[in-house]
Amino acid sequence: MDLCLGNIPLHWCRIHPLKENNQNINPITYSINTTVDEYPEIEMLAPNENIKLGDNTNISLSASVSDDYGFSGLTLNYRLSESQLGIPWDEYVSKDITISKTVIEQTAYYVWDLEEMILAVDDVVSYYLEIFDNDIINGPKSVKTKLFTIRVPSLNELYANAENIQDESELDLAETLQEAEELQKEFEKISNEMKQDNKELTWEEKEKIEEAVQKFKELGEKVQKTQEKLDEMRKDLQENNLLSEETLQKYMELQELMDELNSDELKEAFEKTQEMLQKMNRNQTQQAFEEMQFNEEMFKKSIERTLNLLKRIQIEQKVDEIIKRTEDLIEQLENMSENTEQSDLSNKEEQENLASKQDNVTQDMNKLNEEMKKLRDKMSELDDMPTKDMQEMLDQMSEQQNQEMSEQTKQNLEQQQKMQAMQNQQQMSQNMQSMQQQMMSMQEQMQQQSQMQTMYEMMKAINSLISLSKEQEALKESTRKLSATSPQMRENAQTQNDLRSGLDKVLKQLSDLSQKTFAITPEMGRALGKARSEM
């Protein structure tokens, strides 16, 4: 017999024995329960935001999927949604992604190569993932991730973003340096006030110290945020192959230098000062605070060094940028010349397409000239940069009149003067090749000069240190043989002062050099500082 409970059918039956009187008065009852087949679930893990396409066209996708019974498939669905040169697609294209159909909770991975799409600048690809369960009764149910986009950034956009971050970072570091100098004065004032005979701190003194230490912590946090911004910028440029190996290495060294500003030693000093403050013991707190004061002074010097090194890296990166821009222009002009030769300028569509591309060349020429001027201005802020060479290249660019030539080429195309247009394109390409070679030569000279200057200064310092070390050993041996009342002791004390002054000069020399190179490590500075304290 069939019954129905709501929309759920119930099936039951009764078995009758052969003899009517032999019925079971307590029959066994069996029940059949129905369960609902739930929708599957999917979450995009990476990338879980809209992204820019870098030099590497491979995008690694990952998503977590789950269902109560299993899956019948997972698809990647995408389309060209925006394009400056091509025609956006109306429909999505699907790709199957391999997953286990029986594992009910898993993470799916897929490396998506976009190279076959031949994307151009400012093209946008929209995509989503869709997971299907294995419902064979009513048909597979599916769930989609939200829609994500991948955009191809322009060279101008990438460099503009990097320049903005650099300028912000330089400003942040300059402000931090100024705040550190003001904090140093506060530390000195508090230190002088603590030099009293009272055994316990007053609550007012404790509050002042806590406020100063908190300001110090905030400066460290501010530097960390700047460090994170610079590292993100570095990754962006690196992914798009816009940094030379030398500039990339210096960015990595800059990150290491900034790591030192929030070292474990500094954190221990914070904790020690806080611990002494709780005990309210003046001598112990004063000792911990003096250590903190020393750390703050080192922090200030490191900020100053970081700022100066960042300015130098900016110059080197700007050189990388100009070389890359000339390379891009050479490629554009060679393609333009080839396309112009093969074109039918009487065809209005072809003519307008070439004229539009020539407009882009003119704009990129103007941008190149603008960035070269920025490089010259940045170089002029430092004494050891080839500012004069940079100005000569700017003068040469002006004499070549590349922008004017590009505008004339556009007119040639519009007037169907194919040979004249091609001659101009080839001439501009030669000009850009010459400029690229000059920039690469200047870059190489800058690197060689920096290495030679660093090596010279280092050798000079090493020779001075060897000489000071020998004199110190001789003085130590001479003093060991003297009695405390010997008249020679006064002369030896003066000699010791002279040696200390000599070491101070070497330290000053190395400090100045550290503003220009990463070759002077913090460990070297600490070792020399320790040597001086023991003299």
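The shown structure was predicted, so the numbers you read here are calculated from the model rather than taken from an experiment. (Residues numbered from 1 in each chain as written. Predicted model: local features only at pLDDT ≥ 70, side-chain atom pairs only at ≥ 80, totals over all residues. Heavy atoms only, no water.)

Chemist: Hey, could you run me through the pairing of strand E6 (residues 71–82) in this one?
Modeler: Side-chain direction in a regular strand flips from residue to residue, so the side chains alternate between the two faces of the sheet. Among the twelve residues in E6, nine count as buried, and that is most of the element. Where E6 meets strand E9 (residues 124–133), ten bridges bridge the pair, whose relative direction is antiparallel. Considered in E9, the bridge of Phe 71 is made with Asp 133. Here four bridges tie E6 to strand E7 (residues 93–96), and the two strands are oriented antiparallel to one another. Directly across from Asn 77, in E7, lies its bridge partner Ser 94. (Buried < 20%, exposed > 50% of the residue type's maximum accessible area, 1.4 Å probe, protein only. Helix = DSSP H or I, 4+ residues; strand = E, 2+ residues; numbered from the N terminus. Pairing = 2+ DSSP bridges.)

Chemist: I would appreciate a short explanation of the packing of helix H9 (residues 418–480) against helix H10 (residues 488–514) in the present structure.
Modeler: Any two packed helices are characterised by how steeply their axes cross, that is the angle between the axes, and by the distance between the axes. Running from N to C, H9 and H10 cross one another at 165°; their axes reach a closest spacing of 10 Å. Considered as vectors, H9 and H10 are oriented roughly antiparallel to each other. For the crossing formed where H9 meets H10, the hand is left-handed. (Axes fitted to C-alpha atoms, helices over the stretch in contact; angles between N-to-C directions. Parallel < 35°, antiparallel > 145°, perpendicular 65-115°, else oblique. Left-handed = near helix turned anticlockwise from the far one by under 90°.)

Chemist: Whenever I open this one, the packing of aromatic side chains confuses me. Can you help?
Modeler: Remark: the centre distance and the inter-plane angle together describe each pair of aromatic rings, the angle taken between the planes. A complete count under the given rule lists seven aromatic pairs for this structure. Seen in terms of ring centroids, Tyr 78 and Trp 112 are 5.1 Å apart; in terms of plane orientation they differ by 50°. Their pairing is tilted. Within this pair, whereas Tyr 78 is found in strand E6, its partner Trp 112 is found in strand E8 (residues 105–113), the two being separated by 34 residues in sequence. Here Tyr 78 and Trp 112 have matching classes, each one buried. Taken together, a centroid distance of 5.3 Å and an interplanar angle of 80° make the contact between Phe 216 and Phe 299 edge-to-face. Within this pair, whereas Phe 216 is found in helix H2 (residues 203–239), its partner Phe 299 is found in helix H5 (residues 282–342), the two being separated by 83 residues in sequence. A relative accessible area of 1% places Phe 216 in the buried class. On the basis of relative accessibility, which here comes to 3%, the residue Phe 299 falls in the buried class. When the ring centre of Tyr 92 is taken as reference, the NZ or CZ atom of Arg 79 above it lies at 5.5 Å. The cationic tip of Lys 141 hangs over the ring face of Tyr 39; the distance from NZ or CZ to the ring centre is 5.7 Å. (Phe/Tyr/Trp six-rings, centres within 6.5 Å; stacked < 30°, edge-to-face > 60°. Lys NZ or Arg CZ within 6 Å of the ring centre and 35° of its normal.)

Chemist: Hey, could you run me through the environment of Asp 122 in this one?
Modeler: Secondary-structure assignment places Asp 122 in the loop between E8 and E9. Residue Asp 122 is classed as partly exposed on the basis of its relative accessible area, which comes to 29%. Distance from Asp 122 to Met 194, taken between C-alpha atoms, is 63 Å for residues 72 residues apart in sequence. Once residues lying within four places of it in the same chain are set aside, the contact partners of Asp 122 are Glu 82, Gln 84, Arg 151 and Val 152. (Contact = heavy atoms within 4.5 Å.)

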